[in-house]
Amino acid sequence: MSWVLFATFFPLLFLNIPISFVLILSTIAYILAMGGDVSWLLVPQRIIRGMDSFLMMCLPFFVLAGNLMNNGGITAKLIKLAQTFVGHIRGGLAMVDVIVCAFFGAVSGSAVAATSAVGSVMIPSLKKEGYPANFSAGLTAVASTMAPVIPPSLAFVIYGAVSKVPIGDLFVAGILPGILMAFALMSVVYVYAKRDDYPRLPRASWRERFIAVKESILCLLLPVFILGGIVSGAFTPTEASAMAALYAFILSMFIYKSITWKQLPKILIESAIDSGSVMLLVGTCYAFGWVLTNERVAFRLTEALLAMDVSYGMKLLLINLGLLIVGMFMDSAPAIMLVGPILAPALMRMGMNPVQAGIMVCLNLTIGLATPPVGVCLFSAVNLGKVSFEEVSKSALPFLGAVIVVLALITYVPWFSLVLLNIKNLFSM
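None of the values given here were measured: they were computed from a predicted structure. Numbers given to residues run from 1 along each chain, matching the order in which its sequence is written. Per-residue local features are limited, in this predicted model, to residues with pLDDT of at least 70; the limit for side-chain atom pairs, both in listing and counting, is 80 or more; totals at the level of whole chains, interfaces and linings are taken over all residues. Only heavy atoms go into the side-chain values, all of them from the structure, while hydrogens and water stay out.

## What to know about the overall build of the protein chain
For the protein chain, the helix and strand inventory stands at 21 helices and zero strands. Taken over C-alpha atoms, the radius of gyration comes to 22 Å for the protein chain, in line with the 22 Å a tight globule of 429 residues would show. Across its three principal directions, the C-alpha atoms of the protein chain cover 70 × 50 × 50 Å. For each residue, the accessible area found with a 1.4 Å probe, counting protein chains only, is set against the maximum for its type, and the residue is called buried under 20%, exposed over 50%, and partly exposed in between. When burial is assessed residue by residue, the protein chain has 54% of its 429 residues classed as buried. Relative to all contacts within the protein chain whose residues are 6 or more apart in sequence, the contacts with residues 24 or more apart total 79%. By definition, any uninterrupted DSSP run of H or I lasting at least four residues is a helix, any uninterrupted run of E lasting at least two residues is a strand, and each is numbered from the N terminus. Based on C-alpha atoms, the radius of gyration is set beside the globule rule, defined as 2.2 Å times the residue count to the power 0.38. Contact between two residues is taken to exist if any of their heavy atoms lie within 4.5 Å; hydrogens are not considered.

Here is the structure:
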C-alpha cells in the first residue's frame, strides 16, 4: 500500500499545500487504503508521540536564542568586524557578505534569518558600491545556506534526533564544512571581482580591527559556549539550547541594551509561532515515518542500494542527486525529517560513518534553500534586491556550483567531516 502514500504525497506537495498538512493527509489516505486494519487514533497518537521528546525541546530554545540575537542589533557589529579584515581586498564588500552570513549562522543557525538580517543591510550596501543587484541577491541567498551547517545548527539537531546520531558530534563535524563553504564562495567572488573590476574598501588600521573585535566578541562567544558545553559534557544539547537562550537574553537586554522590555513579548510570540510550526512538522513527520516503517521503505531502499551493480562512489552520486532534487521542492527541515531515518541505516550499511552521512545529508538538503522552485532564501533575496526571481536564480548558479564542490568533498573524502571529531575524541580519551 506504499504507493497510495506517495500517490497522495507528491500531488499535494506540487499544489503548494503546507507540508504538515501534506504529511497528515497522506497518512490518512494510507489508513483509508488499509480498509480498517489501522485505527484512526494512530494519527493523533503518533503526532503527539513525535513531539513528546526531551531532545526536541532544544528546537524552541534555539529559535528563541536566534530571535533574541537577531533583534539585538548584532548584524551591524558582525559587518563592521568582517569589513575591517577583508574589506580592502578586491570585491571585499561581497566577501564581507559571505563572512557575515557565516558569523550569523554561528549565532542563529537559520538560513532564512541570515538572508533577511544580513541581506537587508548588505544587499543595499553592495548595490550602492556598484555591485549588480542580481549578483548581490544571488550571493546572499547561497551564502545564507552556511547558517544551518555551522553550529549551532537546527538541521543537525533535527537529523540527530530522527537518525539517532549524537548532536554534539554533528556540531563538531560541521565546523570545517562550514568554513570550506565560506572559502569556496569567497573564491568565486574574487574571480568575479577581478574580472569585472569590483571596488575595494580602504584598508582598516589595526586599532580599528581591535575595536571591531572588542565590540563583537561577545556575539561570537555564543557558539563557542554552546559547543564547548556539549563537547565537554557540561550539559546536554537540550540544556545547551536553554543556556543559549539565557546568554542571548542577557547579552541583548543588559549588555548591548539593544532590546527593551516592550519588545520582549513580540519576540517571545514570534519564537512560539516559529517553534510551534516546527514542532507540528516534527509530529506529522513522525506519523508519516510510522507508515514508512510499516511498509519497510527504509529496509527496501537499503537492500536496493546494496544490490545495485555499481561502485560505491556511483551509489553516493545517485543519492546526492536524489537529495538535491528533493531539496528543490521541499524545505530542508521536513526533508531531513523524512529522508534521515530512511537514508541513515542505508548509508551505514554501505560503510559510511554515521556522522559523515549526517553532514552530507544536511549540507545537501540545505543547498535546496537557495535553489528554485521552492528556495526560500532565493525568494527573500529577490524581495530585498528588488530584482526578478529568474535573474537571481541565474546569478546564484556559480555560487551553488561552489557549494556543490564542497558537498562532493564531504561525500567522497571522510577526512573533511571527521578530522575535528577525531581530534575531539583523542583529547577526551
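Additional details are given in the paragraphs that follow.
## Digging into the packing of helix α2 (residues 19-33) against helix α3 (residues 42-51)
Angles shown run from 0 to 180 degrees and are taken between the N-to-C directions of axes, each axis being a line fitted to C-alpha atoms and, for helices, limited to the stretch in contact. Between α2 and α3, the shortest axis-to-axis distance is 11 Å and the interhelical angle comes to 140 degrees. Relative to α3, the element α2 lies oblique. Of the two possible hands of crossing, α2 and α3 adopt the one that is right-handed. Counted together, I24, T27, I28 and I31 of α2 and L42, V43 and I47 of α3 form the full contact between these two elements. Only Asp, Glu, Lys and Arg are considered charged, only Ala, Val, Leu, Ile, Met, Phe, Trp, Tyr, Cys and Pro nonpolar, and every remaining residue, Gly among them, polar. Tallied by class, the residues present in the contact of α2 with α3 amount to six nonpolar, one polar and no charged. For this classification, under 35 degrees means roughly parallel, over 145 means roughly antiparallel, 65 to 115 means roughly perpendicular, and everything else is oblique. Left-handed is the label given to a crossing in which the near helix is rotated counterclockwise from the far helix by less than a right angle, and right-handed is the label when the rotation is clockwise.

## Regarding the pattern of salt bridges
In what follows, salt bridge is the name for a side-chain nitrogen of Lys or Arg lying within 4 Å of a carboxyl oxygen of Asp or Glu. Taken as a whole and assessed by the stated rule, the structure comprises three salt bridges. A salt bridge links R90 to D197, with the shortest nitrogen-to-oxygen separation between them at 3.3 Å. Here the residue R90 occupies a position in the loop between α5 (74-86) and α6 (92-108), and D197 occupies one in the loop between α11 (175-196) and α12 (206-232), the gap between them amounting to 107 residues. Using a relative accessible area of 54% as the deciding quantity, one classes D197 as exposed. Of the charged contacts, one joins D196 and R195 as a salt bridge, the two residues approaching to 3.0 Å between their closest N and O atoms.

## Points about the nonpolar core
Soluble globular proteins tend to pack their nonpolar side chains together in the buried interior. Buried Ala, Val, Leu, Ile, Met, Phe, Trp, Tyr and Cys residues that are joined via side-chain atoms within 4.5 Å together make up what is termed a nonpolar core. F9, M146, Y159, F171, L185, L347 and V361 are the most contacted members of the largest nonpolar core, which totals 156 residues. No other element matches the twelve residues that α6 contributes to this core. Once residues within four sequence positions are removed from consideration, F171 is found in contact with F62, P151, P152, S153, F156, V157, I226, L227 and I230.

## Points about the environment of F103
Inspection of the secondary structure assignment puts F103 in helix α6. The class of F103 is partly exposed, set by a relative accessible area of 23%. Each C-alpha atom, one on F103 and one on T75, is 9.1 Å from the other, the two residues being 28 residues apart in sequence. Each residue touching F103, except ones within four places of it in the same chain, is listed here: L78, L81 and L220.

## Examining the packing of aromatic side chains
Pairing of aromatic rings covers Phe, Tyr and the six-membered ring of Trp, with a centre-to-centre limit of 6.5 Å; geometry is then stacked below 30 degrees between planes, edge-to-face above 60, and tilted otherwise. Tallying each qualifying case throughout the model produces eleven aromatic pairs. Where F249 meets F254, the ring centres are 5.6 Å apart and the plane angle is 85 degrees; that geometry is what we call edge-to-face. Overall, F254 belongs to the partly exposed group, its relative accessible area being 46%. With a centroid separation of 5.3 Å and an interplanar angle of 85 degrees, the aromatic rings of W415 and F416 are classed as edge-to-face. Relative accessible area serves as the criterion here: at 52%, W415 is assigned to the exposed category. For F416, a relative accessible area of 18% puts it in the buried group. Pairwise contacts between aromatic rings join Y131, F135, Y192, Y198 and F399 into one cluster. Distance and angle both matter: a charge sits over a ring if NZ of Lys or CZ of Arg is within 6 Å of the ring centre and within 35 degrees of the ring normal. When the ring centre of W206 is taken as origin, the NZ or CZ atom of R209, which lies over that ring, is 4.4 Å away.

## So, the state of the cysteines
Disulfides are defined as cysteine sulfur pairs within 2.5 Å. Enumeration according to the criterion identifies zero disulfides in this entry. Cysteine C101 is unpaired, with the sulfur of C377 as its nearest cysteine sulfur at 8.9 Å.

## Quick look at helix α9 (residues 154-163)
Across the ten residues of α9, nine count as buried, placing the element largely inside the fold. Those residues of α9 not exposed but buried are L154, A155, F156, V157, I158, Y159, G160, A161 and S163. Positive backbone phi, at 60 degrees, marks K164, one or two positions downstream of α9.

## So, the side chain of S395
In this structure, S395 sits in helix α20 (residues 389-412). On the basis of relative accessibility, which here comes to 13%, the residue S395 falls in the buried class. In this view, S395 contacts N134 and F135; residues no more than four positions away in its chain are not counted.

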